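Per-entry structural report
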Amino acid sequence: MCKKVPLRGALIVLEGCDRSGKTTQCKNLVKALEANGRPAKYINFPDRTTECGGLINSFLTNKKDFNDETIHLLFTLNRWEAKNAMEILLRDGVTLIVDRYSYSGVAFSAAKGLDLEWCKAPEAGLLKPDLVLLLTMTASAISKRGGFGDERYEVPEFQQRVMKMYDQLKDDSYWTEIDADKSFGALHDELLTHCNHAIDNIVNEKMDKLW
Ligand code: Z5A
Ligand code: MG
């Protein structure tokens, strides 16, 4: 029997605490999907390659300072500048595996004390994901992972506040929480199952919008 062609690509976002393995897993999910004949592309936020992303990179590496509102809006702008290209790819049937999205934007800024609704407002109208996979880990497990502590925000107490903000943003209708404290392969298999399910269950050609 011939396989049904999906109406469009799926927009799948990986969110979660620092060092939970999002980048490693996203890149390998793309490889696995493509190996199975499912067109897929890796996208990450912040995209440090654009002019706006360059400013964000300077901030994250402590070379530049912005007030909380300004850096929040720069992160948001970094997503808006990618929106049209993302929509075209999805319409062309390419599944996007996105490494952090608006939820990081809101969770990190709200964890610094900005009003959650204020943080959400400029993200409204961006593409709504079909699936958000939230990777969770305990603080002690995170601290054992490589590279922790190199950048601004990589402080355990702050990361805990971010996780509390994710709790407020979580929407069970399209979010799945996954314990990321397991081997690379076991986590990969679990995530891939969710991704394949999301791709197989696209019923609407049109993309919804946040929020
Ligand atoms: N930020 C924001 O404030 N507002 C926004 O709108 C957005 C982001 C989009 C930079 O993001 C910062 O920007 C981030 C949020 C804020 N600040 N913090 N914290 P980023 O995405 O560029 O951050 P990053 O530097 O890539 O860190 P990360 O994304 O949190 O890490 P990760 O991608 O989750 O983990 P990884 O790089 O794949 O793996 C980390 C290490 O663990 C690495 O040495 C791996 O080899 C190892 N690893 C991975 N998986 C495993 C398993 N399963 N077992 C053992 N070891 C593993
Ligand atoms: Mg990463």
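If you're wondering where the values come from, they're calculated on a predicted model, not measured in any experiment.

It is worth spelling out the site of ligand 1 at this point. Of all residues adjacent to ligand 1, which total 26 residues, the nearest are Asp18, Lys22, Thr23, Thr24 and Arg48. Separating an oxygen atom of ligand 1 from a side-chain N or O atom of Asp18 is a distance of 2.4 Å. Those elements that provide at least two residues to the shell around ligand 1 are α1 (22–35), α3 (68–91) and α4 (102–111). The residue inventory of the shell around ligand 1, partitioned by class, reads seven nonpolar, nine polar and 10 charged.

Attention shifts here to the pairing of strand β4 (residues 131–136). Of all six residues that make up β4, six are buried, and the element is covered over most of its length. With burial as the criterion, each face of β4 is covered, one bearing Leu131, Leu133 and Leu135 and the other bearing Val132, Leu134 and Thr136. Examined bridge by bridge, strand β1 (residues 11–16) and β4 share five bridges and lie parallel to one another. Of the residues in β4, the one forming a bridge with Val13 is Val132.

Among the nonpolar cores identified, the biggest contains 68 residues, and Met86, Tyr101 and Tyr103 are the most heavily contacted of them. With residues up to four places along the chain from it excluded, the contact list for Tyr101 reads Leu11, Val13, Glu15, Phe45, Arg79, Met86, Leu126, Leu127, Pro129 and Leu210.

For the rest of this paragraph, the subject is the packing of helix α2 (residues 51–60) against α3. At a minimum axis separation of 9 Å, α2 and α3 run at an interaxial angle of 145°. Considering only the axes of α2 and α3, their crossing is left-handed. Note on element contacts: α3 touches α2 through Ile71, Leu74, Phe75, Leu77, Asn78 and Glu81, opposite Cys52, Gly53, Leu55, Ile56, Phe59 and Leu60. Across the contact of α2 with α3, the residue classes break down as nine nonpolar, two polar and one charged.

Turning to the environment of Cys195, a few remarks are in order. With respect to the helices and strands, Cys195 occurs in helix α8 (residues 184–200). By relative accessible area, which is 0% here, Cys195 ends up buried. For the pair Cys195 and Leu33, spaced 162 residues apart in the sequence, the C-alpha separation amounts to 8.7 Å. Those residues within four positions of Cys195 in sequence are excluded, and the remaining contacts are Ile12, Leu29, Ile97, Leu131 and Leu133.

Further remarks concern the side chain of Ser109. Structurally, the position occupied by Ser109 is in helix α4. Within the structure, the side chain of Ser109 is placed 3.2 Å from the backbone oxygen of Gly105, a separation counted as a polar contact. Not counting residues up to four positions away in its chain, the partners in contact with Ser109 are His72, Leu114 and Cys119.

Time to look at the pairing of β1. Burial of β1 is extensive: six of the six residues sit out of reach of the surface. In β1, alternate side chains face the same way, and those of Leu11, Val13 and Glu15 on one face and Ile12, Leu14 and Gly16 on the other are all buried. Here β1 runs beside strand β3 (residues 95–99); their pairing, made up of four bridges, is parallel. If you follow Ile12 over to β3, its bridge partner there is Ile97.

On to the state of the cysteines. Disulfide: a covalent bond formed between the sulfur atoms of two cysteine residues. Considering all chains together, one arrives at zero disulfides under this definition. Among the cysteines around Cys26, which has no disulfide bond, Cys195 carries the closest sulfur, lying 8.3 Å off. Here Cys52 stays unpaired: no disulfide links it, and the sulfur of Cys119, its closest cysteine neighbor, is 16 Å away. Judged by its relative accessible area of 6%, Cys52 falls in the buried class.

Two numbers describe how α4 lies on helix α7 (residues 156–169): the axes approach to 8 Å, and their chain directions differ by 125°. Of the possible angle classes, the one that applies to α4 and α7 is oblique. In this structure, the crossing between α4 and α7 has a hand that is right-handed. From α4, Tyr103, Ser104, Val106, Ala107, Phe108, Ala110 and Ala111 reach across to α7, where they touch Phe158, Gln159, Arg161, Val162, Met165, Tyr166 and Leu169.

Turning our attention to α1. Taking 1.5 Å per residue as the helical rise, α1 with its 14 residues ought to reach 20 Å, and the 20 Å between its terminal C-alpha atoms agrees with that figure. Among all positions of α1, only Lys22, Gln25, Cys26, Leu29, Val30, Ala32 and Leu33 are buried. On its buried face, α1 sits against β1, β2 (40–44), β3, β4 and α8.

Reading the values: rules and limits
Once a new chain begins, its residue numbering starts again from 1 and follows that chain's sequence as written. Chains carry letters and ligands carry numbers; both start at the beginning, A for chains and 1 for ligands, and go up in the order they are written. Per-residue local features of the predicted model are confined to residues with pLDDT of at least 70, and side-chain atom pairs are confined, for both listing and counting, to 80 or more; whole-chain, interface and lining totals are unaffected and use all residues. No hydrogens and no water enter the side-chain calculation; it runs on all heavy atoms of the structure. We call a residue near a given molecule or strand whenever any one of its heavy atoms falls within 4 Å of it. Any N or O atom pair separated by 3.5 Å or less is treated as a polar contact, with the protein-specific requirement of one donor-capable and one acceptor-capable atom, and with residues adjacent in sequence counted only for side-chain atom pairs. Only DSSP runs of H or I with at least four residues qualify as helices, and only runs of E with at least two residues qualify as strands; both kinds are numbered from the N terminus onward. Nonpolar residues are Ala, Val, Leu, Ile, Met, Phe, Trp, Tyr, Cys and Pro. Charged residues are Asp, Glu, Lys and Arg, and all others, Gly as well, are polar. Three exposure classes are used, based on accessible area relative to the maximum for each residue type with a 1.4 Å probe and protein chains only: buried under 20%, partly exposed in between, and exposed over 50%. Paired strands, in this sense, are two strands between which DSSP finds at least two bridges. Grouping buried Ala, Val, Leu, Ile, Met, Phe, Trp, Tyr and Cys residues that are joined through side-chain atoms within 4.5 Å yields what is termed a nonpolar core. Working rule for contacts: check all heavy atoms of both residues, and any pair within 4.5 Å makes them a contact. Every angle, taken between N-to-C directions, lies between 0 and 180 degrees, and every axis is a line fitted to C-alpha atoms, over only the stretch in contact when it is a helix. By convention the crossing between two helices is left-handed if the near helix lies anticlockwise of the far one by an angle smaller than a right angle, and right-handed if it lies clockwise. The criterion for a disulfide is a pair of cysteine sulfur atoms lying within 2.5 Å. Any angle from 65 to 115 degrees is called roughly perpendicular, while one under 35 is roughly parallel, one over 145 is roughly antiparallel, and all others are oblique. Helix span is expected to be 1.5 Å times the residue number reduced by one.

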